[in-house]
Amino acid sequence: MSDESWDEQFKQFLRKTSDDFRRTGEDIKAEAQKLLDAAMDPEKQQRVRDRLNELSSWARKTAQGVAGAMEDAASKAQSAFQRATDETTEVPENVTATQSPPSTRAGASKKPKGKPRKPAKKAGGKRKR
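Calculation notes
Residues numbered from 1 in each chain as written. Predicted model: local features only at pLDDT ≥ 70, side-chain atom pairs only at ≥ 80, totals over all residues. Heavy atoms only, no water. Helix = DSSP H or I, 4+ residues; strand = E, 2+ residues; numbered from the N terminus. Buried < 20%, exposed > 50% of the residue type's maximum accessible area, 1.4 Å probe, protein only. Areas by Shrake-Rupley, 256 points an atom, 1.4 Å probe, with all protein chains shown as cover. Phe/Tyr/Trp six-rings, centres within 6.5 Å; stacked < 30°, edge-to-face > 60°. Salt bridge = Lys/Arg side-chain N within 4 Å of Asp/Glu carboxyl O. Patch = residues over 30% accessible without salt bridge, like charges linked within 9 Å, V, L, I, M, F, W, Y side chains within 5 Å.

**Q** Help me out: how do you make sense of the overall build of the protein chain in this one?
**A** Counting secondary structure elements, the protein chain contains 2 helices and 0 strands. When burial is assessed residue by residue, the protein chain has 1% of its 129 residues classed as buried. Element-wise, carbon and sulfur atoms account for 56% of the exposed surface of the protein chain, whose accessible area totals about 13,400 Å².

Now the structure itself:
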């Protein structure tokens, strides 16, 4: 291939590419102008503002509802905890302060009397074979 034909092909490529870039640039410019016009339209801006106001109102109501539900749940949990602690700290009427309350388990055995047993000591020394 001669240098002149290669130069000519390169110039054609550059012309074609520059035309493509020019068309693409014009398309981008036209789309940007459309978007700008749409954003500047007062009617569309008002619709967006109205929608945002609706969304923020909904979010506020939902957050308040969740907060109320959490307060109710915390109150119920506190009441249940209070009842449980009151029930475990109450001493039956027939038990005096010196007596221990009766076992609540059916068939609970009494503690054995006497000294507690120590575990047996292991035999020391080497192992016999």
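Moving on from the coordinates now.
**Q** Is there a simple way to think about the packing of aromatic side chains in this case?
**A** Two descriptors summarise a pair of aromatic rings, namely the distance from one centre to the other and the angle between the planes of the rings. The tally for this structure, following the rule as stated, stands at 1 aromatic pair. Taking 5.5 Å as the distance between ring centres and 5° as the angle between the ring planes, the aromatic pair formed by Trp6 and Phe10 counts as stacked. Of this pair, Trp6 and Phe10 both sit in helix H1 (residues 3–40), 4 residues apart, which is roughly one turn of the helix. Its relative accessible area of 47% is what places Trp6 among the partly exposed residues. Relative accessible area serves as the criterion here: at 41%, Phe10 is assigned to the partly exposed category.

**Q** Teacher, can you tell me more about the pattern of salt bridges here?
**A** Oppositely charged side chains can form a pair if their charged atoms are brought close together. This structure, assessed with the given rule, holds 5 salt bridges. We note a salt bridge from Asp20 to Arg23, for which the minimum N-O separation is 3.2 Å. Of this pair, Asp20 and Arg23 both sit in helix H1, 3 residues apart, roughly one helical turn. Using a relative accessible area of 32% as the deciding quantity, one classes Asp20 as partly exposed. With a relative accessible area of 49%, Arg23 lands in the partly exposed category. Of the charged contacts in the structure, one is a salt bridge between Arg51 and Glu54, with a shortest N-O distance of 3.3 Å. In this pair, Arg51 and Glu54 both sit in helix H2 (residues 42–89), 3 residues apart, roughly one turn of the helix. Judged by relative accessible area, which is 53%, Arg51 ranks as exposed. Given the relative accessible area of 49%, Glu54 is considered partly exposed.

**Q** When you look at a nonpolar patch on the surface in this model, what are you seeing that I'm missing?
**A** A contiguous nonpolar surface patch, about 440 Å² in accessible area, is contributed by Trp6, Phe10, Phe13 and Leu14. By secondary structure assignment, the location of Leu14 is in helix H1. On the accessibility criterion, Leu14 (43% relative accessible area) is partly exposed.

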